[in-house]
Amino acid sequence: MKNIIAALLLFGLSACCGCPPTSSNSSTMAAHKTTTSCQTASVSGMTCEACAATVSENLKKIPGVEDVAVNVSTGTVKIYTDGQKLDTASIKHIIERSGYTFKSLENSCSQ
């Protein structure tokens, strides 16, 4: 039994040794973030997390959209893309098809 446990531990350690160092992962993430573009849409009519989920899921269907962050209380939707700026008409169409009112779009995301 001890031999089996020792073998499993060794296998687990050897599998981990093939992982790239943490620093290379960090530089990859940093490089990815520099190519990411963000736009902020102002939306009215969202009242709950289900509203946020609907808007988020629908916007993520647009090619190039990597992530969406919805803040129901402020009525803002941050849309993160792979570096491209999305046109206002596409974003407005998706938001209004989701059942909410599109108000405006900024080509940046305030922190």
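Structure first, text after, so check above.
These lines cover the structure that appears in this document, whether it is placed above or below. (Residues numbered from 1 in each chain as written. Predicted model: local features only at pLDDT ≥ 70, side-chain atom pairs only at ≥ 80, totals over all residues. Heavy atoms only, no water.)

1. As for the environment of Gly 75
Then, in step 1: Position of Gly 75 among the secondary structure elements: in the loop between strand 2 (65-71) and strand 3 (76-81).
Then, in step 2: In this structure the C-alpha to C-alpha distance between Gly 75 and Ala 41, which are 34 residues apart in sequence, comes to 8.3 Å.
Then, in step 3: Not counting residues within four places of it along the chain, the set of residues in contact with Gly 75 comprises Ala 41, Ser 42, Val 43 and Met 46. (Helix = DSSP H or I, 4+ residues; strand = E, 2+ residues; numbered from the N terminus. Contact = heavy atoms within 4.5 Å.)

2. Side note on the pairing of strand 1 (residues 37-44)
Then, in step 1: Counting buried residues in strand 1 gives 7 out of 8 residues, a clear majority hidden from the surface.
Then, in step 2: Note: strand 1 against strand 4 (residues 101-106), 5 bridges, orientation antiparallel. By the bridge assignment for strand 4, Ser 42 is matched with Ser 104. (Buried < 20%, exposed > 50% of the residue type's maximum accessible area, 1.4 Å probe, protein only. Pairing = 2+ DSSP bridges.)

3. Considerations on the side chain of Gln 39
Then, in step 1: Relative to the elements of secondary structure, Gln 39 occurs in strand 1.
Then, in step 2: Polar side-chain contacts of Gln 39 include one of 2.8 Å to the side chain of Asn 107. (Polar contact = N/O pair within 3.5 Å; in protein donor to acceptor, adjacent residues only side chain to side chain.)

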